[in-house]
Structures are given as structure tokens and as C-alpha cells.
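# Residue-level structure breakdown
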Amino acid sequence: KQWYQRRVGKQWYQRRVRAHVVEGRFPTINSLSQLSILYHQILKEDLVMDIARFPDCVKLLDHLGLYLRDHAKVRILVISETGEPLVDVNSWEVMEKLHKLAEPERFTHLRLQKSPALEFLLFEGQFQDREIMSYVIRQMNNTKFKAQGSNVVLTVKIKEDGYEYPTVEEWETYFKTINGKKQWQECSPGERSDTVIIKNLPTKWFSLDSNNPKPCERFLKDALALFGQIRKVDYEDCVEDGEVSDDVTSLGNQFGIPVTFNAYIQYQNYASFKAAMGGLKGKQLMRLFPGQKPTFSPFVVDYDRAGFMADRAHKIRKAERERLAEEAKRKHEAYMKQQNELMKKQLEKRQKKKRKLEEKKIEEDKRQKDNSTEKKAQKNMGGSEMKEVETLEDECKQVAAQLLKGVLLKVATMERERLMEQRQDVMKRYSEEKKRQEDEIKMVQENQAKSAEAMKVREKELREKLMKKFKQFEEKKQKTQDKIQKKKHIII
């Protein structure tokens, strides 16, 4: 129940249980066995409903929700219609436009590849299945659109992306060159065509513990026993960022956690190896749980060329792993020992503090007892002695009160004098500041008057100059007109 609630959500689980109770399958749930039967029925129904949406998927492991699906990958080329370089084109805006062109379908994965020149943009995309891929290819191929912020017309070319995959002839020729004329059975395991390599598998999907992700060899065996009997399974951590969807991220690399790994599966016979190579061709890994969206992870399939799964290499690796495990165990023991020592030191410090506090408490108790004994002794004193003590105390109080009055009067007078001096200083500063401001205002007014007079004089001079120039211009104009009249008269 807890596992199911974690996977699909508590509210959804409660809603489904209530629905089944209302339908009358279980009028009352009184025992855990009835609840577990109901849970298994819900789980089976939801898995059947979810898997029905993907008819091309092949089951690997039910309890981990792992399936194989056809690869649906495309390559998108965006070029300008006139062949101009795409300098002013923003790749993010182009990517958003590609998402809009694919509607109502959507990419599960779309990224920009490094292009060698600015003449085109190359994108790599992925879809949920091949039907959607073929529909989007028909819809998007040869479409044209204008880039935002420029008049460049862009054309989209889209086609299915091919995937690298070794053929039967390749591995047969490779192992023939190594082993010569030896038959498959005569060659030792790991040095023949019996090991399949599956690269970039998500570590979290095959791990037992989500807090400490590490691939489980039993899960790998159970998943890939679909193609035949397995002899050995091994893995190798790979920290390269794969194209895994939301469930697996490359953030683990920052903390030294391997995000993906390479799986090595060695089969008992050649037929199983061949079936595995053929069955994994053009596939991708899908993880599907009831009530959740499917997540996809593409992988690369190859055969073992380096003898990774040979018995000798396997023994060396096993010994190395044992050595590393012992070293880790030793480090852990040393760390635990250090922690225990620290804990002991802290306990000793706490005990010391506790002892000191107890000692202080004992001393305070002693003081309180002594004070109480003194008070009792004072009470037991005679009446005459008590009266004398009281009179002395009264006299002391009167003298102290008189002295206090005198001191307070002196302090008050000194404080008053100090405040009066401060007030005089402030008034003096205020008068000086006021006088300075008045002088500044007078200076400004005088300067303004002077500048106004100077402006008037300047204006008068400029007017006179303009009038002179105007008269000169009029005279010149009259002279030119007279000349023109004379010339006309001569011509006539």
C-alpha cells in the first residue's frame, strides 16, 4: 500500500479504493488481505489500460515498469530560402516555432546540435511513437516561416534519423579475424560473439535503493532473459549526460553519482546473442507506472570487442571490486571509530559540566543555610540590642538622605549651567547662519541686477549692429537694382 501510494499519489489511491468499494467488489474492507487483493486488482487494471495506449511495447520487467518501444527520432534542418547566413536568427525562437508547427502533437525531446557554420540550424527531436513521428514529418516537411526580428524566410526539412547498429556480417567478420577458423563452441567466453553491450541505461531505473543508486545485476538478468539464457551480467558506470527525459537528470554528476551505466550481458549460446541484437535494434527504453506519464530513455547497442566479459578480465574486475569494497569498509570503520571517539569526548564534557553544576548547587544550598542561621541568630538577640541597632540604622539613613540632597542640588545646578551655555552657543550659531544667508541672498540679487544691466547693454549693441547691417544690405540691393536697370536699358 505504501509503495503504491508513493508511486501514484495518495489522493488518487484513496479515490480508486472508494470507487471499487462503491461498485460492490468489497462492501467492507476488514482485513489487510482484502486490501492487498483490491490493490493488486487496481494495479493490474491500470497497467493494462496504460499499456493499451502503446501497442508496440515489449515487456521487460513489470514490477519496475520497464518496457521496450520503437525508436522515434528525427533530424530537423532549418535553412534560409535565399541561402543567407543565420546571424540574426535566435535558435530559441526557432525551437518554439518548431514546437508550434508540430501541434497538436509534441516532442518528448528537442535539442539544438552544434552546427559547423551559420548557414543552417540542425535540431534533433524525439516523439512518443512512430505514428506520431510519421504524421509530424508529413505536416512539417518543407514548411516556411519568417524569423522574428528579421525578414529572413526559413525552410524546415525534417526526416527520420538513422541509428548506428552493428550488422551480423560485421561481428562475424570481426570474430573470424580474431579467432580464425575456430568454431563458436571452441572459443572461450568473452572472446566470441556472445556479449551484448547496452550503453547509457539510466542507473535509477535499475537500482534497488533510490538514495544510493547502483544497478542491480538481478534486475538486468531478469529484464534481458527475454532473448535467451544468460551466462553472466556486469556493468560499468558511465557519467556522460544521456538523452534521458524528466525522470533522470545530469544533476547527479555534480555529486559524483553516475547517471547512466553500460550493461554487459553474456549469453549462453549464439542464438540468444543474435536474438538480443535483433530484438534491441531500433528500440528505446520506456518506464511506465499506473497514473503517471511514461518516461523514455534511448540507448546504444553494440557487441563486446575488448573482451570485457572474458573470464580472466571478469576475475580481475571482481578482485578489484572486492579490494575497493574492503577499502571502503576500512574507511567506514575508521570514520565510525573517529565518530565514537568524538561522542565519548562530548559525553565527558557533558559529565564535567553536570558535575560543576551540581557543585554550584551544593554551594548555594550551603550559603542559604548560613543566611537562615544568621537570621535566626538576629531574631534571638535581646530587645535592647535590637532597638539600638534600629536607631543606628535610622540615623545612618537620615545622614545619607541629607548627603544625597546636597549632591543632587550640585548636579542639578551644574547641568542647568551646561544647558544654558549650549543654548547660547546654538543661538549664536543660528544668528551667524542667518546673517550669512542674508548676505548670500544680497550678493545673488546684486549679481542678477548687474547681469540684467549687462544684458540690456549687449542687446542694445546687437540691435545697433543689426540695423547697420540691414542698412548696408538695403544700399547694396539698391545698387544692384540700378545696375540691372542700366544693363536692361543698354540691351534695349
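Remember, predicted model here, so these are calculated numbers, not experimental data.

Let us now look at the sheet that holds strand β1 (residues 58–61). Here we have four strands laid out as an open sheet, ordered β1-β2-β11-β12, and antiparallel in their pairing. Looking along the sheet, the strands with just one partner apiece sit at the ends: β1 and β12 (295–298). Between one strand axis and the next, the sheet turns by 35° as a mean value, whatever way the strands run. As paired strands, strand β2 (residues 66–70) and strand β11 (residues 283–287) are joined by five bridges and run antiparallel to one another. Within β11, the residue paired with R69 across the bridge is Q284.

Below, the discussion takes up helix α7 (residues 217–224). If you check which residues of α7 are buried, you get F219, L220, A223 and L224. In a view along the axis of α7, the buried residues occupy a sector of 110°, so they form one face of it.

So, on to the sheet that holds strand β10 (residues 260–267). Pairing within the open sheet is antiparallel, and its four strands lie in the order β9-β10-β8-β13. On the outer flanks of this sheet lie β9 (230–238) and β13 (300–303), each paired with one strand and no other. Strand-to-strand twist of the sheet, defined as the mean angle between neighbouring strand axes without regard to direction, takes the value 20°. Across four bridges, the pairing between strand β8 (residues 195–202) and β13 is antiparallel. Bridge pairing links I197 to D302 in β13.

As a working rule, side chains carrying opposite charge can pair if their charged atoms are close by. For the structure shown, the criterion picks out 16 salt bridges. One salt bridge connects R323 with E327, and the closest N-O pair in it is separated by 3.2 Å. Highlighted residues: R323 and E327, both in helix α9 (residues 311–380), separated by four residues, approximately one helical turn. Judged by its relative accessible area of 26%, E327 falls in the partly exposed class. Between E440 and R436 there is a salt bridge, with its nearest N and O atoms 2.6 Å apart. Highlighted residues: E440 and R436, both in helix α10 (residues 383–491), separated by four residues, approximately one helical turn. Classification of R436 as partly exposed rests on a relative accessible area of 40%. One salt-bridge network, held together by shared partners, links E320, R323, E327 and K331.

Ranked by size, the top nonpolar core spans 34 residues in total, and within it V196, L201, F206, L224, L280 and L285 carry the most contacts. In this view, L224 contacts I198, I230, I265, Y267 and L280; residues no more than four positions away in its chain are not counted. In terms of nonpolar packing, the next biggest core, distinct from the first, is built from 26 residues, A72, L86, M133 and M140 among them.

Scoring rules and cut-offs
- Residues numbered from 1 in each chain as written.
- Predicted model: local features only at pLDDT ≥ 70, side-chain atom pairs only at ≥ 80, totals over all residues.
- Heavy atoms only, no water.
- Pairing = 2+ DSSP bridges.
- Helix = DSSP H or I, 4+ residues; strand = E, 2+ residues; numbered from the N terminus.
- Axes fitted to C-alpha atoms, helices over the stretch in contact; angles between N-to-C directions.
- Buried < 20%, exposed > 50% of the residue type's maximum accessible area, 1.4 Å probe, protein only.
- Arc of directions from axis to C-beta.
- Salt bridge = Lys/Arg side-chain N within 4 Å of Asp/Glu carboxyl O.
- Core = buried A, V, L, I, M, F, W, Y, C linked by side-chain atoms within 4.5 Å.
- Contact = heavy atoms within 4.5 Å.

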